[in-house]
Amino acid sequence: MAWINFAVPVLFPEFAKPPKQVVNLDDTPADSSDASRGDAVADGLKPANVEVAEPQVKPAAAPEAQLPAHPAVNLYVGPPDPDKNPDSKLNAQIDEFFLAANLDSRGASVEYIELTDKERFPAFGRRGDRVRVVGSDDAELRSSRKTYHRTFGLRSPQIDHALAPTSLDEIPWEIVQPADPQEKDRTATFRYTSPDGRWELLKRFELKQLTHEELKQRDIRQTLLEGYELKLKVTVKNLTDQELPFNYTLQGPVGVPLEDADNSYKYRDVRMGFLRDDGVTLDENKLSASEAVKKARADKTEVWKRKVKYIGVDVLYFAALVIPGQDQVESTRAVVTNENPAKIEHSDVSVALSSPTINVPAKDEFTHEYSMFAGPKKKELVAQIPALAVMDYGWFDTICRGMVWLLNMFHSLGLSYGIAIICLTALVRTALLPISKHQAANAAKMKELQPKLMEKQKELEQKYGKGTDEYMRAAQELSKEQLGLMFSGCLPVLLQLPIFIALYRAIGSSIELRMEPFLWFENLASPDALFKLPFVVPWLGWTHFNLLPCISTGLMFIHQKLTMPEPTNEEQAQQQKMMSFMMIFMGAMFFRVPSGLCLYFIATNIWSMTERWVFERLKRKSASAETSAVALTDGSSASTAKAGVIGKPAATKNDSEPAKPTALGSFWERLQQSADNQHSATRQLGNGVRRDDKKKKKK
């Protein structure tokens, strides 16, 4: 057996069996019928030395032997970073490009895209480096991917079946040198020919290079959308003499960076804008990373088959949106490129765009064009896509935009954004001065009436006995009136709530404040991070000590103590202790808010305490003036007469008599009426004294 099976084939190869012929059913003419194709393999007619191959099966020869050996290299479109490439010879000025793309010949894909303006858009935590808007620079994240997805990588079933186990988005493509050497800085072209010789694919990348006239424009970086676009042109050529179908799937942006994930309130979202039947109106929507992961785990990934205007991924400050040509995309779907099992909201997501099946005539070709916006989320830019939902600030969108406009206006005067936040706080608080004054007056009135209310409650206890039905009804009515006064004092706070939320969203998500330094902290859009803790705080996960939230909480605590009345019983004392503990809880909640927002809190609390001190000082001066006016009068009868002049007669004996137990509301009404009458009378007397003084001066 060893001689026959091993020695004979080696020593006497002429005795080896003839090779079997391989007949691929796909090689039959396109106009042949299924019956004619089946005649060759009919039962009893198949030759003994013929092996029939099923359709769409890779050739019998090893695919590795047929694949072209192109080198895996990287090249730039746009200027590389001169600090990291000191030996590179830049053929174009950095100012002429908004973007710089690093391309990989493997899959003819995009490795990463950077913004060239390092002054305005530095890398997070690395001032002086470029920020990447596509392609994560986290090596650990890239190595943890089970399947390495590549931005603008392309797959096609007509070619990938012959490349298994690799695919079009992984195998190196050939680099085609441009005919015009001046295009080398802004364009790059890759070519790939399928192993069976049927298809030739071309992918051409291009960036916008500014002209001298465009460079002279002042705000060109704020308004030129084309400068932040990477254009892709996909050309598919049919090299055979027959019509063949072709379709492909294009990978969207991969690795959109998630900056300061532990302190951010927004993570990666899949953004899409679908066109309605009229071809103009947009239906804009989003899918969060956590939702995409949950659907992928349940194998319920949704496939959208609507006409797409744009689709991509956005984070807090940047967006990467693919804008396809008309009728180029048949369906789209979200793709989880890297799942974070610990925090699924931090997972990396992307999109996939599938083309319709196109019948390409013999020796013919078709071309699809795409552009990808990769830049900052500024209204002037995204409105040109249009993708205004990407800039959505929520319910108070108009107020948020107004706050951002004011911040930019103060900054245009030469002020830093930290000083601009303080100026904005002063401007807002000045506009709310009447509301603040009303709130302070209500707080003072509540502070004065609180002891009287407690005395009335004690009278009810002595009169009806605690726990009786009459006492419960009277106490309930008293509580309603007390809550009414408290609500009137809280109403100004509720009116300020939209402004507070708008400032929170504006400061926390405005790209103008990103990486803006002030005092000792380097980023107004992140916590100040005074120093790194030697340990991680349990349950909370704090790794740095933030000083500004502590200062904000301390000032809020002092402000609360200044405005809170003295407790009259143990119940109120317990409530005030709970409010103090609530301040500690709020401090823990605000420990990771942006330092710009903490700066607003600090300025607001200092303003409020100063404002209250001024109000109380003016009130004391007014009270002393009224006391002097009363002392100058001849008696209380004049006071009573003056009080009647303004339409509020002085309280009579019948009016001052206590009402029946069921008319508890009259006590509150008499209490307020008495205070109002006294205030009106003293003010009228003061006016009379001033008129007498004027007459004396005239004489």
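Summary of the structure given here. (Residues numbered from 1 in each chain as written. Predicted model: local features only at pLDDT ≥ 70, side-chain atom pairs only at ≥ 80, totals over all residues. Heavy atoms only, no water.)

### Some remarks on a nonpolar patch on the surface
For clarity, the cut-off: Residues enter a patch when their relative accessible area is above 30% and they make no salt bridge; the linking distance is 9 Å between like charges and 5 Å between nonpolar side chains (Val, Leu, Ile, Met, Phe, Trp, Tyr). Areas reported here follow the Shrake-Rupley algorithm with a probe of radius 1.4 Å; residue values treat only the protein chains shown as occluding. What counts as a salt bridge is simple: a side-chain nitrogen of Lys or Arg found within 4 Å of a carboxyl oxygen of Asp or Glu. Numbering of helices and strands runs from the N terminus, with a helix taken as a DSSP run of H or I at least four residues long and a strand as a DSSP run of E at least two residues long.
On the surface, L519, W520, L530, F531 and I551 cluster together into a nonpolar patch covering about 470 Å² of accessible area. On the secondary structure map, L530 appears in the loop between α13 (469-509) and β25 (531-532).

### Quick look at the pattern of salt bridges
Inspection of the entire model under this criterion finds 31 salt bridges. E339 serves as the salt-bridge partner of R297, at 2.4 Å between the closest nitrogen and oxygen. On the criterion of sequence distance, the pair formed by R297 in helix α8 (residues 289-297) and E339 in the loop between β21 (331-338) and β22 (348-354) is long-range, its members being 42 residues apart.

### A short note on the side chain of D117
Short version of the rule: Buried, partly exposed and exposed residues are distinguished by accessible area as a fraction of the type maximum, computed with a 1.4 Å probe on protein chains only: under 20%, between the cut-offs, and over 50%, respectively. In protein, a polar contact requires one atom able to donate a hydrogen and another able to accept it; more generally it is a pair of N or O atoms within 3.5 Å, and residues adjacent in sequence count only if both atoms are side-chain atoms. The contact criterion used is simple: two residues touch if any of their non-hydrogen atoms lie within 4.5 Å.
Assignment of secondary structure puts D117 in the loop between β5 (109-115) and β6 (122-123). For D117, a relative accessible area of 14% gives the class buried. Within the local environment of D117, its side chain forms a polar contact with the backbone nitrogen of E119, the two atoms lying 3.3 Å apart. Excluding its chain neighbours within four sequence positions, the residues that come into contact with D117 are P122 and R221.

### Notes on the packing of aromatic side chains
What counts here: Note on aromatic pairs: the rings of Phe, Tyr and Trp (six-membered ring only in Trp) are paired at centre separations within 6.5 Å, and the planes decide the class, stacked below 30 degrees, edge-to-face beyond 60, tilted for the rest. Charge-over-ring contacts are defined here by two conditions on Lys NZ or Arg CZ: a distance within 6 Å of the ring centre and an angle within 35 degrees of the ring normal.
Tallying each qualifying case throughout the model produces 15 aromatic pairs. Look at F98 and Y228: their rings are 4.9 Å apart centre to centre, the planes differ by 40°, and that puts the pair in the tilted class. Of this pair, F98 sits in the loop between β3 (74-77) and β4 (99-104) while Y228 sits in the loop between α7 (220-223) and β13 (229-238), and the two are 130 residues apart along the sequence. Where W173 meets Y192, the ring centres are 5.8 Å apart and the plane angle is 35°; that geometry is what we call tilted. In this pair, W173 sits in the loop between α5 (157-163) and β10 (174-176) while Y192 sits in strand β11 (residues 187-193), placing the two residues 19 residues apart along the sequence. Residue classification places Y192 among the buried residues on the basis of a relative accessible area of 0%. What links up through ring pairs into an aromatic cluster is the set F98, Y228 and F373. One Lys or Arg, R132, reaches over the ring of Y112 and ends 3.7 Å from the middle of that ring. In this arrangement the basic side chain of K203 is found over the ring face of W173, its NZ or CZ atom lying 5.4 Å from the centre.

### Describing the side chain of S595
Its location among the elements puts S595 in helix α16 (residues 595-631). Judged by relative accessible area, S595 falls into the buried class, the value being 1%. Here S595 is in contact with F521, N523, L524, A525, S526, P527, D528 and L548, once residues within four sequence places are set aside.

### Quick notes on the nonpolar core
Which entries qualify depends on this criterion: Only buried Ala, Val, Leu, Ile, Met, Phe, Trp, Tyr and Cys residues count toward a nonpolar core, and they belong to the same one when joined by side-chain atoms within 4.5 Å.
Grouped together as the largest cluster of nonpolar side chains are 118 residues, with contacts concentrated most on I113, F152, L201, F246 and F318. Broken down by element, the residue count for this core peaks at seven residues, all from α16. For F318, the contacting residues outside a window of four places in its chain are L115, F121, V131, V133, E259, G375, P376, K377, I511 and R514.

### Some details on the sheet that holds β21
To keep it simple, the criterion reads: For two strands to be treated as a pair, DSSP must find at least two bridges joining them.
Pairing in this open sheet of five strands is antiparallel, and the strands run β9-β15-β22-β21-β18 from one edge to the other. The open sheet terminates on both sides in strands that have one partner only, identified here as β9 (154-155) and β18 (303-304). Sheet topology places β21 next to β22; seven bridges connect them, and they run antiparallel. Each bridged residue has a counterpart across the sheet, and for S331 the counterpart in β22 is S354.

### Remarks on the pairing of β11
Counting buried positions along β11 yields five of seven residues, so the element is predominantly enclosed. Bridge analysis of β10 against β11 gives three bridges, and the strand direction is antiparallel. Within β11, the position partnered with E174 by the bridge is R191. Pairing analysis gives seven bridges linking β11 to strand β12 (residues 199-207), with the strands arranged antiparallel. For T193, the partnering residue across the bridge sits in β12 and is E200.

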